[in-house]
Amino acid sequence: MDTRESKTAEEKKQHLKEEKLPEEFAHPEPDAEQPEAKRPAKGWHWLVLGVAILVAGFLLFVLLPKIAG
């Protein structure tokens, strides 16, 4: 990665040309270097969502009336 502060005019021009090029969609499959992109989700997000809903329900129906009352 280039961390220099300033670029020459030619480097700026080349950078703008590279930025304007469209992405390559010829190979839509994940790279071999990214095996995590091929793995399906394991379902942990549903567990986290369920626990969050249970905690929210507990707070609303058990603790909130005690605090307000």
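Chemist: Any chance you could explain the overall build of the chain here in plain terms?
Modeler: Helix and strand counts for the chain stand at two helices and zero strands. A burial count over the chain gives 0% of its 69 residues as buried. For the chain, the accessible surface area stands at approximately 7200 Å², while carbon and sulfur atoms represent 64% of it.

Chemist: Quick question: what am I supposed to make of helix α2 (residues 44-68) here?
Modeler: In an α-helix, one full turn covers 3.6 residues, which means residues spaced three or four apart are oriented alike. Helix length check: α2, at 25 residues, gives a terminal C-alpha distance of 35 Å against a target of 36 Å (1.5 Å per residue), a fit within 8%. Taking the largest bend as the criterion, α2 deviates by roughly 30°, centred on Leu59.

Chemist: How should a nonpolar patch on the surface be read in this particular structure?
Modeler: Taken together, Trp44, Leu47, Val51, Val55, Phe58, Leu59, Leu60, Phe61, Val62, Leu63, Leu64 and Ile67 make up a surface patch of nonpolar side chains, about 1200 Å² in accessible area. Considering the arrangement of structural elements, one finds Val62 in helix α2. On the basis of relative accessible area, Val62 is assigned to the partly exposed category, the value being 32%.

Calculation criteria
- Residues numbered from 1 in each chain as written.
- Predicted model: local features only at pLDDT ≥ 70, side-chain atom pairs only at ≥ 80, totals over all residues.
- Heavy atoms only, no water.
- Helix = DSSP H or I, 4+ residues; strand = E, 2+ residues; numbered from the N terminus.
- Buried < 20%, exposed > 50% of the residue type's maximum accessible area, 1.4 Å probe, protein only.
- Areas by Shrake-Rupley, 256 points an atom, 1.4 Å probe, with all protein chains shown as cover.
- Expected span 1.5 Å × (residues − 1).
- Bend = angle between axes of the 7 residues up to and from the residue.
- Patch = residues over 30% accessible without salt bridge, like charges linked within 9 Å, V, L, I, M, F, W, Y side chains within 5 Å.
- Salt bridge = Lys/Arg side-chain N within 4 Å of Asp/Glu carboxyl O.

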